[in-house]
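Below, each chain spelled out in residue letters.
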Amino acid sequence: MTGQPPLVGLKVLEFAGLAPGPFAGMLLADAGASVLRIDRASPNQTPTDDLLTRHKSSIAVNLKSPEGVDLVKELARHADVVIDPFRPGVLERLGLGPDALRPLNNKLIYGRMTGFRRDGKYKDMAGHDINYLAVSGVLGLLGRDGEKPTPPWNILADFAGGGAALFQGILLALAAREKIGVGQVVEANMVDGASYLATFPRFALKTPLGCNPRGQNLLDTGCPYYDTYETLDGKFMAVGALEPQFFSILAKSMGFDGQGWEGKRYDTANWPELKRLLEGTFKTKTRAEWEKIFDGTDACCTPVLEYREMESNPQREGDQRPSVTLLETPCLAVKKDSKDSRQGQGKGVSGEGYEGQSLAPGGGGDKALGNWLGWTKGRDFDVEKGAFILKTKSRL
C-alpha cells in the first residue's frame, strides 16, 4: 500500500527570491512538505514572476514593520525549515537572521543560499548563474574547440549547484536532527555547488581523459563518437559509442564497418576524418529514419528530443515525473492522472510540468496558517494594506 509522500508534516518558510531558493522549496513541496512563501506586501497582490510555485502557498508580509517581523518570528517558532535566498546580511538587518530565529526554536533548520562564497573574494558582488560558473572553473570546461565558453542556460549553478544542493543540505540537517535533537544553519553557494558537480572533469584534467584544451577531449565534443550530428531534416542525433562493442554496432548500422575504424578510432589524429564521415553519413537520412535504425540497439545513438515535441507526443518519455522515485512513499505527481508510483502520487498539477504557475502574494495563505497553527482570519491574523499581521499579541 502506498504511504504518504516522505516529507508530509514538514513546515517550511520560504522567503520569496529568485530561481535557486524557490527551486529548493519546490523540491521540498514535491516531496510533501508544506511550503509557505513569504512575499513582499503589495496593495495589488498581483502574481509574481516566480513560476516554481508547485504545491506552495503564500503570505504577504511587510518585513520592514515590527508587526511583519513579529509575524515571521511567530511562524518560525513552529517551522522546521527556513529558506533564505538573499545576499549575506539582508535578513540579519531585518532582525530575521539565524541568530534571531534559532533561539525561538532549537529544532529550526535555517537554510541559506548565496551565489558566491560567503567568505570569498566576490562575496559582496552581485552575480548570476553565468558568473558563478565562471569563477568556479566550470564554465571554462564548456564549449567546442576554438569557440568561446558556452553557458548551458542557468541549469548548472542556479538549479543543480544551488537549489538542489541546498535541498540536499536541508535533508542532511533533517537526518542530523534525528540524531542530535536540534536544527542547524545550512549554507549553500552556487560556486561550490557547481564546482562539486564538476568533480569528475576536474580530476580528468590531470589524466589523458581530459588533459587537452576545451573541446578536444573524449567527453567534451572533441571525440567524434561522443557528439551530436545533424540529420537530413535539420534535426539531430546524439552519439555516445565509447566502448568497442557499441562502436562496432554504430559502424555496422551506418554502413562503414570493415573500414578499420574500430581500431584506428583511438588515435586522435584520425578524429577529424571520422567526424567528417559521421557528419556526411548522418545527413543522408532524417532523424526519424536514423531513430528507426538504432531503436533497440546498443549503438548508444539516440535522437535529440525537444520539449515541444515531447509534450505533445505521448509515445515520448515526456511525462514529467519527480526527480527520484520512492516506490513505497512516492513524491507528489506532476502529470495528471498518474498511473503508478514512478510518476508520483496525487492528482498532478496544471501544466503537467510544462507550464509554470504563478502564485499571487497571499495565495492560499489563509488555509496554510489554518493547517499549520489552527489560525483563522479575523481572530488570529488579519490583512491590512496587503500585509498579513497578527491579531493576537505577539509572544516575542
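The structure presented is a predicted model; accordingly, all values stated were derived computationally and were not measured.

Asks: Could you give an account of helix 5 (residues 129-136), with specific residues and numbers?
Replies: Buried within helix 5 we find Asp129, Tyr132, Leu133 and Ser136. The buried residues of helix 5 occupy one face: seen down the axis, they fall within an arc of 100°. Next to the buried residues of helix 5 lie helix 6 (155-180) and helix 7 (190-197). Of the residues flanking the end of helix 5, it is Gly137, one or two places downstream, whose phi is positive at about 95°.

Asks: Mind laying out the sheet that holds strand 7 (residues 226-230), listing which residues take part and the relevant values?
Replies: Across the sheet, 3 strands lie side by side as 7-8-9; this open sheet has antiparallel pairing. Whereas interior strands pair on both sides, the edge strands pair on one side only; in this sheet they are strand 7 and strand 9 (301-303). Put simply, the sheet's adjacent strands are angled 25° from each other on average, direction ignored. When strand 8 (residues 236-240) meets strand 9, the two strands line up antiparallel, connected through 3 bridges. Looking across to strand 9, one finds that Ala238 is bridged to Thr302. Across the sheet, helix 11 (residues 271-282) is in contact with strand 7, strand 8 and strand 9; its angle to strand 7 comes to roughly 35°.

Asks: Before we move on, could you go through the packing of helix 9 (residues 244-254) against helix 12 (residues 287-294) and cite the residues and values that matter?
Replies: Any two packed helices are characterised by how steeply their axes cross, that is the angle between the axes, and by the distance between the axes. One can describe the packing of helix 9 onto helix 12 by two numbers: an axis separation of 11 Å at closest approach and a directional angle of 125°. In terms of orientation, helix 9 lies oblique with respect to helix 12. When the axes of helix 9 and helix 12 are compared, the crossing they make is right-handed. Across the interface between the two elements, Leu250, Ser253 and Met254 from helix 9 touch Trp290, Ile293 and Phe294 from helix 12. Its residues placed into classes, the contact of helix 9 with helix 12 shows 5 nonpolar, 1 polar and no charged.

Asks: Which residues make up unusual backbone geometry, and what are the values?
Replies: Peptide bonds are trans in most cases, and residues, glycine excluded, mostly fall at negative phi. Positive phi values are uncommon outside glycine, yet Trp153 reaches one of about 55°. Residue placement: Trp153 occurs in the loop between helix 5 and helix 6. A relative accessible area of 76% places Trp153 in the exposed class. In this model, Asp337 sits at a positive phi of 55°, which is unusual for a non-glycine residue. Among the structural elements, Asp337 can be located in the loop between helix 13 (307-312) and helix 14 (365-373).

Asks: Account for the sheet that holds strand 2 (residues 34-40), naming residues and giving values.
Replies: If you trace the 6 strands from one edge of the open sheet to the other, you get 3-2-1-4-5-6, paired in parallel fashion. Looking along the sheet, the strands with just one partner apiece sit at the ends: strand 3 (56-61) and strand 6 (185-189). Ignoring strand direction, the axes of neighbouring strands in this sheet form an average angle of 20°. Pairing geometry for strand 2 and strand 3, over 6 bridges, is parallel. Bridge pairing in strand 3 links Ile38 to Ile59. Along the sheet, helix 2 (residues 66-76) makes contact with strand 1 (11-15), strand 2 and strand 3, crossing strand 3 at roughly 145°.

Asks: Any chance you could break down the pattern of salt bridges for me, citing the residues and the numbers?
Replies: This structure, assessed with the given rule, holds 17 salt bridges. With a shortest N-O distance of 2.7 Å, Glu309 and Arg287 are connected by a salt bridge. Taken together, the residues Glu309 in helix 13 and Arg287 in helix 12 connect sequence positions 22 residues apart. Its relative accessible area of 4% is what places Arg287 among the buried residues. Residue Arg316 is joined to Glu291 by a salt bridge in which the shortest nitrogen-to-oxygen separation is 2.5 Å. You can see Arg316 sitting in the loop between helix 13 and helix 14 and its partner Glu291 sitting in helix 12, a full 25 residues away along the chain. There is no split in this pair, since Arg316 and Glu291 are both buried.

Procedures and definitions
Along each chain, residue indices are assigned from 1 in the same order as the chain's sequence is written. The predicted nature of this model means local features are confined to residues of pLDDT at least 70 and side-chain atom pairs, given and counted, to a pLDDT of 80 or more, with totals for whole chains, interfaces and linings taken over all residues. No hydrogens and no water enter the side-chain calculation; it runs on all heavy atoms of the structure. Summary of the burial criterion: residues with accessible area below 20% of their type's maximum are buried, those above 50% are exposed, and those between are partly exposed, where the area comes from a 1.4 Å probe applied to protein chains only. Comment: elements are numbered from the N terminus, with helices defined as DSSP H or I runs of at least four residues and strands as E runs of at least two. The arc refers to the directions leading from the helix axis to the C-beta atoms. Residue contacts are counted whenever heavy atoms from the two residues lie within 4.5 Å of one another. Strands are treated as partners if at least two bridges between them are detected by DSSP. Angular values range over 0 to 180 degrees, each being the angle between N-to-C directions of two axes fitted as lines to C-alpha atoms, with helices fitted over their stretch in contact. Under this scheme an angle from 65 to 115 degrees is roughly perpendicular, one under 35 degrees roughly parallel, and one over 145 degrees roughly antiparallel; angles in between are oblique. By convention the crossing between two helices is left-handed if the near helix lies anticlockwise of the far one by an angle smaller than a right angle, and right-handed if it lies clockwise. Under the convention adopted here, Pro, Cys and the residues Ala, Val, Leu, Ile, Met, Phe, Trp and Tyr are nonpolar, Asp, Glu, Lys and Arg are charged, and Gly plus all remaining residues are polar. Note on definitions: salt bridges are taken to be side-chain nitrogens of Lys or Arg within 4 Å of carboxyl oxygens of Asp or Glu.

Remember, this is a structural readout, not a statement about activity or role.
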